[in-house]
Amino acid sequence: AAGAQVRAAATAADEARLRAAVEAAGARAAESYNRGDFAGFIRAYADDVWVFPPNEQPFQGPNAALDFFRRSYERGFRNFQITTTGLDRQGPMAYETGIYSGEFPTSGQAGAVARDNGKYVAIWKRNAGGEWRTHFVMWSSNLPPAPMPR
């Protein structure tokens with residue numbers, strides 16, 4: 001019974017370390033994005049990361065991610081925030097769910113912005129060095145889709 005308690009305590013401590021690492025990585029990513037530091041934004045991405053953006057084709061790798069998020073920033077997406085809402089671990093993999101928000105310029109009045117918010121899923125893998133890296137991420141907006149052109 002004592003061995004099981006020790007294992008449970010070690011598992012709880014490991015889960016707490018994982019949550020702290022994932023939440024810190026998210027905070028660093030949002031801060032980096034908001035100052036235009038895209039290399040900092042994707043720092044936690046694995047070399048073989050897959051990114052599944054909404055309404056676009058998925059892509060793989062940090063260089064493609066750099067290009068995608070740089071274009072998003074250049075189009076005016078700002079004030080990006082993410083919050084982890086769930087985290088589960090199975091061996092060397094962890095599954096994160098969360099919510100995001102940000103602002104983007106609207107057409108019409110100069111300086112006008114609209115707020116986007118949505119949800120995301122990220123899969124983290126522990127690498128050979130023991131670091132947790134994002135292996136897969138996808139997200140979608142909670143806003144209704146834009147009307148179809150007539």
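Everything quoted here is computed from the prediction, not taken from an experiment.

### Topic: the confidence of the model for the protein chain
The predicted coordinates of low-pLDDT regions are not to be read in fine detail.
Next up, step 1: Of all residues in the protein chain, 94% have pLDDT values of 70 or greater, and the mean over the chain is 90.
Next up, step 2: When pLDDT is averaged over each helix and strand of the protein chain, the minimum, 83, is found for helix α1 (residues 2–34) and the maximum, 98, for strand β2 (residues 59–60).

### So, the environment of alanine 112
Next up, step 1: Along the polypeptide, alanine 112 turns up in the loop between β4 (93–105) and β5 (113–126).
Next up, step 2: For alanine 112, a relative accessible area of 22% puts it in the partly exposed group.
Next up, step 3: Residues within four places of alanine 112 in sequence aside, it is in contact with Phe104, Pro105 and Thr106.

### Let's talk about the packing of aromatic side chains
What characterises a pair of aromatic rings is the spacing of the ring centres plus the angle enclosed by the ring planes.
Next up, step 1: Summed over the entire model, instances satisfying the criterion amount to 15 aromatic pairs.
Next up, step 2: Ring centres of phenylalanine 38 and tyrosine 73 lie 5.2 Å apart, and the angle between their planes is 75 degrees; this geometry places the pair in the edge-to-face category. Of this pair, phenylalanine 38 sits in helix α2 (residues 38–41) while tyrosine 73 sits in helix α3 (residues 62–74), placing them 35 residues apart in sequence.
Next up, step 3: Residue classification places phenylalanine 38 among the buried residues on the basis of a relative accessible area of 9%.
Next up, step 4: Every member of this aromatic cluster is reached through a ring pair, and the members are Tyr33, Phe38, Phe41, Phe59, Phe68, Phe69, Tyr73, Phe77, Phe80 and Trp139.
Next up, step 5: The cationic tip of arginine 78 hangs over the ring face of tyrosine 73; the distance from NZ or CZ to the ring centre is 3.5 Å.

### A look at the side chain of aspartate 14
Next up, step 1: By the element assignment, aspartate 14 lies in helix α1.
Next up, step 2: The buried category is assigned to aspartate 14, whose relative accessible area is 15%.
Next up, step 3: Contact partners of aspartate 14, with chain neighbours within four places excluded, come to Arg89 and Arg126.

### Focus on the layout of surface pockets
Next up, step 1: Of the volumes computed, that of the largest pocket is approximately 1,300 Å³.
Next up, step 2: Surrounding the largest pocket, 44 residues form its lining, Phe68, Phe69, Phe77, Tyr100 and Trp139 being those nearest its centre.
Next up, step 3: For the lining of the largest pocket, the secondary-structure elements that each account for two or more residues are α1, α2, α3, β3 (78–90), β4, β5 and β6 (132–141).
Next up, step 4: By residue number, the principal contributor to the lining of the largest pocket is α1, which donates seven residues.
Next up, step 5: Looking at the lining of the largest pocket residue by residue, the classes come out as 28 nonpolar, eight polar and eight charged.

### Side note on the pairing of strand β1 (residues 45–52)
Next up, step 1: Summarising the sheet, β1 and β6 pair through four bridges and their orientation is parallel. Considered in β6, the bridge of phenylalanine 52 is made with methionine 138.

### Here we look at the sheet that holds β2
Next up, step 1: What the six strands build is an open sheet, ordered β2-β1-β6-β5-β4-β3; its pairing is mixed. Because the sheet does not close on itself, it has two edges, and the strands there are β2 and β3.
Next up, step 2: Against the sheet, α3 makes contact with β1, β2, β3 and β6, and its axis sits at roughly 50 degrees relative to β1, the strand it touches most.

Cut-offs used in this document
Residues numbered from 1 in each chain as written. Predicted model: local features only at pLDDT ≥ 70, side-chain atom pairs only at ≥ 80, totals over all residues. Heavy atoms only, no water. pLDDT = per-residue confidence, 0-100. Helix = DSSP H or I, 4+ residues; strand = E, 2+ residues; numbered from the N terminus. Buried < 20%, exposed > 50% of the residue type's maximum accessible area, 1.4 Å probe, protein only. Contact = heavy atoms within 4.5 Å. Phe/Tyr/Trp six-rings, centres within 6.5 Å; stacked < 30°, edge-to-face > 60°. Lys NZ or Arg CZ within 6 Å of the ring centre and 35° of its normal. 1 Å grid on protein atoms, 1.4 Å probe; cavity = no way out; pocket = protein on both sides within 12 Å on 5 of 7 lines; lining within 4 Å. Points joined across faces, edges and corners; volume = space filled by probe spheres on them. Nonpolar A, V, L, I, M, F, W, Y, C, P; charged D, E, K, R; others polar. Pairing = 2+ DSSP bridges. Axes fitted to C-alpha atoms, helices over the stretch in contact; angles between N-to-C directions.

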